[in-house]
Amino acid sequence: MNVQQCSAMKREAVKLMAQFQVVIPGRPGVVASVRRGMTVHCSEGRQVANVAAVAVGLQNEQVFCLILGYLPQKELYQSVPISWIDRVEGESVILNVCFDQIQELPEWYPV
């Protein structure tokens, strides 16, 4: 799923979960629990946000986006595709993209 699709989710097509099991992209068989409040770090190691929710498709029960809450210098929510997750370590989600890529994301809101 690309970023545009994440930012244009239809409200009736998804449910926002406080916690969900996520299959880590590119790592078959690796599953991690992602939940609201976990810190999110970019590939440079900088903390960029906290997980506000996990977006799950109603039809297939698959996670496709993380909703990030209140990035630095922005009081809004943004979504990132699951494909951007590199790994989960303890209470942190580590993304495989740099800070600038995350900052450039459009504001997220269910339409």
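Residues numbered from 1 in each chain as written. Predicted model: local features only at pLDDT ≥ 70, side-chain atom pairs only at ≥ 80, totals over all residues. Heavy atoms only, no water.

Visitor: I would appreciate a short explanation of the pattern of salt bridges in the present structure.
Guide: For side chains of opposite charge, pairing can occur when their charged atoms come near one another. This model, assessed by the stated rule, comprises four salt bridges. With a closest N to O distance of 3.6 Å, Arg27 and Asp86 form a salt bridge. Of the two residues, Arg27 is situated in the loop between strand E2 (19-23) and strand E3 (31-35) and Asp86 in strand E8 (residues 85-89); the sequence distance between them amounts to 59 residues. Under the relative-accessibility criterion, Asp86 is labelled partly exposed at 24%. Of the charged contacts in the structure, one is a salt bridge between Glu91 and Arg35, with a shortest N-O distance of 2.4 Å. Here Arg35 lies in strand E3 and Glu91 lies in the loop between E8 and strand E9 (92-95), a separation of 56 residues in the sequence. For Glu91, a relative accessible area of 47% puts it in the partly exposed group. Each of Arg27, Asp86, Arg87 and Glu89 takes part in one network of salt bridges that share partners. (Salt bridge = Lys/Arg side-chain N within 4 Å of Asp/Glu carboxyl O. Helix = DSSP H or I, 4+ residues; strand = E, 2+ residues; numbered from the N terminus. Buried < 20%, exposed > 50% of the residue type's maximum accessible area, 1.4 Å probe, protein only.)

Visitor: How do you make sense of the environment of Gln19 when you look at a structure like this?
Guide: Assignment of secondary structure puts Gln19 in strand E2. Along the chain, Gln19 and Ser33 lie 14 residues apart, while their C-alpha atoms are 6.9 Å from each other. Excluding residues that lie within four positions of it along the chain, Gln19 makes contacts with Ser33, Val34 and Arg35. In terms of polar contacts, Gln19 uses its side chain to reach the side chain of Ser33, at 3.0 Å. (Contact = heavy atoms within 4.5 Å. Polar contact = N/O pair within 3.5 Å; in protein donor to acceptor, adjacent residues only side chain to side chain.)

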